[in-house]
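Structure assessment
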Amino acid sequence: MKNSKRLVPVLITVVITGLALSGCSKIIDTIQPEKSNQFTSTQDLAKNWNQRVTWLPADATQITTQEASAGGAAILGATTPTKLDVSQCAETERQSAPAYSEPWSPKDVYVDRVFACGDWAVIKTDSGWYGWTPNDPDEKSVSPTP
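What this report covers is the structure whose coordinates are included nearby. (Residues numbered from 1 in each chain as written. Predicted model: local features only at pLDDT ≥ 70, side-chain atom pairs only at ≥ 80, totals over all residues. Heavy atoms only, no water.)

1. Considerations on the state of the cysteines
Cut-off, in case you're wondering: Note that a disulfide, as used here, is simply two cysteine sulfur atoms within 2.5 Å. Counting from the N terminus, the helices are the DSSP runs of H or I reaching at least four residues and the strands are the DSSP runs of E reaching at least two.
Scanning the model with the defined rule gives one disulfide in all. One disulfide in the model links C89 with C117; its S-S distance is 2.0 Å. The S-S bond linking C89 to C117 shows a torsion near 120°; that makes this disulfide right-handed. Of this pair, C89 sits in the loop between β3 (74-79) and β4 (90-93) while C117 sits in strand β5 (residues 113-117), and the two are 28 residues apart along the sequence.

Have a look at this one:
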């Protein structure tokens, strides 16, 4: 009986490790409802991330994301000197705010105006662009892209 009591913590550890290593993503998503990603380029982002970010300039680098593990709400920061494409984005009054705040997020996201880029609200930063999704439906209605 004494030996079986010592085995319980070991068995629990083995089961949890096995579930984590087996790709049991529903359990991991429940334990950790957010995830972060880093991408070196827009090509890397397009290949390895499931969110659409057509507004991001092609030369963007140092791309960081934070999102709900189940998808949906997300923030993105990227380094680029390039302006946003006016065929993708239109400036409008800010009516939404990001769902997340990370150490790499801009300190003041509560600006008066944003660029509406489809489902994304985007603001200029010192090094490039910062965006969040979803934006407000009124912001999205101003965007030239769906």
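2. Concerning the pairing of β3
Definition in use: Exposure is judged per residue with a 1.4 Å probe applied to protein chains only, and the accessible area is read against the type maximum: over 50% gives exposed, under 20% gives buried, and values in between give partly exposed. Paired strands, as defined in this entry, are two strands with at least two bridges between them according to DSSP.
Of all six residues in β3, five are buried, a share of seventy percent or more. Sheet topology places strand β2 (residues 61-68) next to β3; five bridges connect them, and they run antiparallel. For Q66, the partnering residue across the bridge sits in β3 and is I75. Bridge count between β3 and strand β7 (residues 128-133): six bridges; the pairing is antiparallel. Residue A74 lies in a different strand from β7, and its bridge partner there is T133.

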